[in-house]
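A structural walkthrough
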Amino acid sequence: MREIHVSEIVEKVKNMVMDTEYNLPEDFIKSLETAKAFEESPVGREIIETILENAKVASIEKVAYCQDTGYPVFFVEVGQDVHIVGGNIKDAINEGVRLATREGYLRASIAFDPVFERRNTGDNTPALIYFDIVPGDRIKIKFAAKGGGSENQSKQAMLKPADGLEGIKKFILKTIANAGPNACPPFTVGVGIGGTFDYSAVLAKKALFRPIGDRHPDPAIAMLEEELLSLANQLGVGPLGFGGTVTAVDVKIEVAPVHIASLPVAVNIQCHANRHSEIEI
Ligand SMILES: O=C(O)C[C@H](O)C(=O)O
């Protein structure tokens, strides 16, 4: 058993949240630099340059890249040989988020009661945390600051198995097209196919953590990712929806076994504030 004190988790989560809010991931920055060369619209190229400039300023000045500091979403893998001491891991992660929000001057973006008061919790807690138990004595923490605007344009559909591959493609492309300017493109598109109603959406969100340009290990899924990326970029939405050839920088697909009567498909749209990171303790 390896002991990990909650104070270490609090400190590391706090730093991770602030860093992620200030710095877009390197692979995403590179993909935008590459995209600039592919963008045929002069306005589109200018927007990509402005996005890159914004990323640079946020990083140098240590300020949030976007006013929407996002929903704090965590995927946490806990090694079965880890013994957490001094408290519980869920409270520790939330404490890290709370401290990062205050120390990092992050906008409070989470409302406690979704239906009636919509009272702002004031510190971006509670975070949404998915736990997994894995072999080993480490804790891996993945964090995303998931913006509300692009989350609002995400969709899930319970397709019929008879809809098949064509139905899947149609639904994904329609979701990207409808998201259009409202979800702040260039997008990264996470897709979950299979599982249950809820699990397909979790897979779609998980897919967004994969590096830009990385392909699914199954060659058929990898080909589908490439085909959908190319089709998405023929929709004409373009950077920030002003028209152009760069609507998305990548499409990531995750799949899971499925009930014989079902075909769940979820599309999680990620805006250009593509903030996520990963640490290991
Ligand atoms: O919450 C916000 O600031 C706005 C939102 O992310 C948006 O895309 O409009």
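These notes cover the structure that comes with them. Note that the coordinates shown come from a computational prediction; the quantities given were computed from them, not determined experimentally.

This part is about the pattern of salt bridges. A complete count under the given rule lists 21 salt bridges for this structure. The salt bridge involving K140 is made with E278; its shortest N-O contact spans 3.8 Å. With a gap of 138 residues between them, K140 in strand β5 (residues 139-146) and E278 in strand β10 (residues 276-280) connect regions that are remote in the sequence. Between K252 and D250 there is a salt bridge, with the nearest N and O atoms lying 2.7 Å from each other. A single burial state applies to K252 and to D250, both of which are buried. Where salt bridges share partners, they join R210, D214, R215, E225, E226, D250, K252 and E254 into one cluster.

So, on to the site of the ligand. Taken together, Q67, D68, R107 and G149 make up the full set of residues near the ligand. Within the side chain of R107, an N or O atom sits 2.8 Å from an oxygen atom of the ligand. In this structure, G149 approaches the ligand through a main-chain N or O atom, which is 3.3 Å from an oxygen atom. Its free accessible area being 270 Å², the ligand has 61% of it covered by the protein chains.

Each value, and the rule that gives it
- Residues numbered from 1 in each chain as written.
- Predicted model: local features only at pLDDT ≥ 70, side-chain atom pairs only at ≥ 80, totals over all residues.
- Heavy atoms only, no water.
- Salt bridge = Lys/Arg side-chain N within 4 Å of Asp/Glu carboxyl O.
- Helix = DSSP H or I, 4+ residues; strand = E, 2+ residues; numbered from the N terminus.
- Buried < 20%, exposed > 50% of the residue type's maximum accessible area, 1.4 Å probe, protein only.
- Near = heavy atom within 4 Å.
- Polar contact = N/O pair within 3.5 Å; in protein donor to acceptor, adjacent residues only side chain to side chain.
- Areas by Shrake-Rupley, 256 points an atom, 1.4 Å probe, with all protein chains shown as cover.

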